[in-house]
Amino acid sequence: MQSQWNVRVARPADAACVAEIYNEGIRDGHAKLDMRLINAEQVLALMCAPDHHILAAEWGETVLGWASLIPEREAPPGVEEASVYVSRGDRFQGLGRILMEALIRLAEERGYYKIVGRIFSSNEASRRLCRSFGFREVGVLEKHGRVGDRWVDIVLVERLIPAGLGQPAATEP
Ligand SMILES: CC(C)(COP(=O)(O)OP(=O)(O)OC[C@H]1O[C@@H](n2cnc3c(N)ncnc32)[C@H](O)[C@@H]1OP(=O)(O)O)[C@@H](O)C(=O)NCCC(=O)NCCS
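Keep in mind it's a predicted model, so treat the numbers as computed, not measured.

Please explain the state of the cysteines as it appears in this structure.
Here a disulfide denotes one covalent bond, and it connects the sulfur atoms of two cysteines. Overall, the coordinates contain zero disulfides when judged by the stated rule. Distance from the sulfur of Cys17, which forms no disulfide, to the nearest cysteine sulfur (Cys48) is 18 Å. On the basis of relative accessible area, Cys48 is assigned to the exposed category, the value being 67%.

Hey, could you run me through the environment of Glu109 in this one?
If you trace the backbone, Glu109 turns up in helix H3 (residues 95-110). Between the C-alpha atom of Glu109 and that of Arg36, which follows or precedes it by 73 residues, the distance is 32 Å.

What is the right way to look at the packing of aromatic side chains in this model?
Geometry of an aromatic ring pair is reported as the spacing of the ring centres plus the angle between the planes. One pass over the structure, following the stated rule, counts four aromatic pairs. When the centroid spacing of 6.3 Å and the interplanar angle of 35° are considered together, the rings of Tyr22 and Trp66 count as tilted. Here Tyr22 is found in helix H1 (residues 15-28), whereas its partner Trp66 is found in strand S3 (residues 62-71), with 44 residues between them in sequence. On the basis of relative accessibility, which here comes to 6%, the residue Trp66 falls in the buried class. A network of ring pairs unites the aromatic residues Tyr22, Trp66 and Tyr85 as a single cluster.

I tried to follow the site of the ligand on my own but got confused; where do I start?
The full set close to the ligand counts 20 residues, and Val86, Phe92, Gly94, Arg97 and Ser132 are the nearest of them. The backbone of Gln93 places a nitrogen or oxygen atom 3.1 Å from an oxygen atom of the ligand. Arg128 is positioned such that a nitrogen or oxygen atom in its side chain is 3.4 Å from an oxygen atom of the ligand. With the chains in place, 79% of the 940 Å² that the ligand exposes on its own is no longer accessible. At the level of elements, strand S4 (79-86), H3 and helix H4 (124-132) are the ones that each hand at least two residues to the shell around the ligand. At six residues, the largest contribution of residues to the shell around the ligand is made by H4.

Basis of the calculations
Residues numbered from 1 in each chain as written. Predicted model: local features only at pLDDT ≥ 70, side-chain atom pairs only at ≥ 80, totals over all residues. Heavy atoms only, no water. Disulfide = S-S within 2.5 Å. Buried < 20%, exposed > 50% of the residue type's maximum accessible area, 1.4 Å probe, protein only. Helix = DSSP H or I, 4+ residues; strand = E, 2+ residues; numbered from the N terminus. Phe/Tyr/Trp six-rings, centres within 6.5 Å; stacked < 30°, edge-to-face > 60°. Near = heavy atom within 4 Å. Polar contact = N/O pair within 3.5 Å; in protein donor to acceptor, adjacent residues only side chain to side chain. Areas by Shrake-Rupley, 256 points an atom, 1.4 Å probe, with all protein chains shown as cover.

Scope: geometric values only; no functional claims are made or implied.
Pasting the structure below:
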């Protein structure tokens, strides 16, 4: 299966598809506390923002998943937050792994030194994905928000990128 996937930098023409896949994840209720849906224009704005990277995974010419690295707020340059979203009908078949591998390679190429993430404690697929790529679960923020009538615990994860640790330009505040 893996050989058929093409992972590349997302293009403006992918924006609507990226938004749709994101919104599916939001509607499913295990991805983010901020449950506002997004549109193609907002994705385009993210694509153009400094140090924001969006990768798209396509099968043939259809984008079925995407992943992003965006600068972590209130952290020095070199610390990026990761997101991975796979189209609802294509989950649990290995695409998340393909995207995460590509994200880590991108972080290495860019000289970033840390990737962080926030995961619902109930999101077992995302937690397993991160664990199997060497992310450390730093801790759990208990009852950090609500989705509908249920409390949500958030797991903080991080992964150092050894290749980026020796690059002073990426670590200066
Ligand atoms: C989380 C997500 C990106 C994972 O991608 P995926 O293509 O479904 O996952 P993969 O098939 O690559 O498998 C990733 C891991 O999840 C595990 N997994 C697969 N199916 C699973 C299931 N039904 N339940 C729990 N874990 C499962 C796999 O075994 C794998 O673990 P491993 O690396 O230890 O082998 C995807 O499920 C998704 O888009 N979910 C909705 C959006 C979301 O929650 N994004 C994350 C926000 S933090």
